[in-house]
Amino acid sequence: AQSVTQLGSHVSVSEGALVLLRCNYSSSVPPYLFWYVQYPNQGLQLLLKYTSAATLVKGINGFEAEFKKSETSFHLTKPSAHMSDAAEYFCAVAPYGNNRLAFGKGNQVVVIP
Amino acid sequence: DAGITQSPRHKVTETGTPVTLRCHQTENHRYMYWYRQDPGHGLRLIHYSYGVKDTDKGEVSDGYSVSRSKTEDFLLTLESATSSQTSVYFCAISESSATTAYEQYFGPGTRLTVT
């Protein structure tokens with residue numbers, strides 16, 4: 001069965017600093033990988049996805065993630081944090097051909113002015 | 001934004017009463033899902049559907065049932081609500097193709113409080 005680990009439930013970052021959220025997965029077959037963002041009192045929005053094409057994936061709002069098979073990782077980064085990036089971020093994995101996602105427990109990002 | 005609505009958006013109910021939450025989509029997607037979101041647990045799958053009248057259990061299905069009589073509607077029923085079912089419930093939809101990779105689109109959520 002697939003699973004996702006996100007360490008650090010709360011992440012504080014200064015405005016203008018690098019945002020780095022770590023995601024490690026386990027999957028018995030090549031996976032699809034996703035990052036979602038959730039703003040307060042809203043549903044989840046897709047930030048970006050990996051589907052076995054390019055290993056460096058660019059998403060919305062300046063975020064990107066790199067798939068590293070040898071490390072079973074899919075870390076999310078943004079070079080310069082904005083106040084509007086304050087939200088909760090979820091990593092999710094689905095084995096190829098499987099329509100069920102397994103979600104990590106999420107990272108609550110706080111941006112410090 | 002994907003056309004997904006959930007009703008009601010907020011509900012307070014008493015322990016032991018039945019509750020039905022509705023998810024409605026206008027995208028004609030095949031797959032529909034119900035999740036619950038609780039602090040420290042992320043999103044956990046309750047039930048999902050892979051077609052009309054075709055449903056299966058997720059990881060936290062005890063105490064919940066679902067029905068899908070039309071492509072556009074997916075109902076979640078709490079047969080006898082308990083305080084442990086106080087949560088935020090999200091519906092999601094997806095479609096399978098070479099480009100979508102089963103990515104899921106989420107509704108706005110229903111906040112349920114069981115007193």
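A brief report on the enclosed structure follows. (Residues numbered from 1 in each chain as written. Chains lettered and ligands numbered in written order. Predicted model: local features only at pLDDT ≥ 70, side-chain atom pairs only at ≥ 80, totals over all residues. Heavy atoms only, no water.)

Listed by partner, the interface residues are 21 residues for chain A and 25 residues for chain B. Buried area between chain A and chain B, summed over both chains or domains, comes out near 1700 Å², and the portion from carbon and sulfur atoms is 55%. Our count for the contact surface shared by chain A and chain B stands at one salt bridge. A salt bridge links A:Lys49 to B:Glu103; the nearest nitrogen and oxygen atoms lie 2.2 Å apart. Along the contact surface separating chain A from chain B lie five residue pairs in polar contact (both at pLDDT 80 or more). (Contact = heavy atoms within 4.5 Å. Buried area = accessible area lost by both parts, 1.4 Å probe. Salt bridge = Lys/Arg side-chain N within 4 Å of Asp/Glu carboxyl O. Polar contact = N/O pair within 3.5 Å; in protein donor to acceptor, adjacent residues only side chain to side chain.)

On to the environment of A:Val37. Residue and element names in this part refer to chain A. Along the chain, Val37 turns up in strand S5 (residues 31-38). Residue classification places Val37 among the buried positions, given a relative accessible area of 0%. Sequence separation of Val37 and Ala86 is 49 residues, and the distance between their C-alpha atoms is 9.6 Å. Look past the residues within four positions of Val37 in its chain and what remains in contact with it is Gly43, Leu44, Gln45, Leu47, Ala87, Glu88 and Tyr89. (Helix = DSSP H or I, 4+ residues; strand = E, 2+ residues; numbered from the N terminus. Buried < 20%, exposed > 50% of the residue type's maximum accessible area, 1.4 Å probe, protein only.)

Counted according to the given criterion, the structure contains seven salt bridges over all chains. A:Glu64 is paired through a salt bridge with A:Lys58; the nearest N and O atoms lie 2.8 Å apart. Residue class for A:Lys58 comes out exposed when judged on its relative accessible area of 63%. Ionic pairing is found between A:Lys78 and A:Asp85, a salt bridge with its closest N-O pair at 2.9 Å. Owing to a relative accessible area of 6%, A:Lys78 belongs among the buried residues under this scheme. On the accessibility criterion, A:Asp85 (3% relative accessible area) is buried. Each of the salt bridges in this network shares a partner with another, and the network as a whole consists of B:Arg22, B:Lys70 and B:Asp73.

That is the geometry; function is a separate question.
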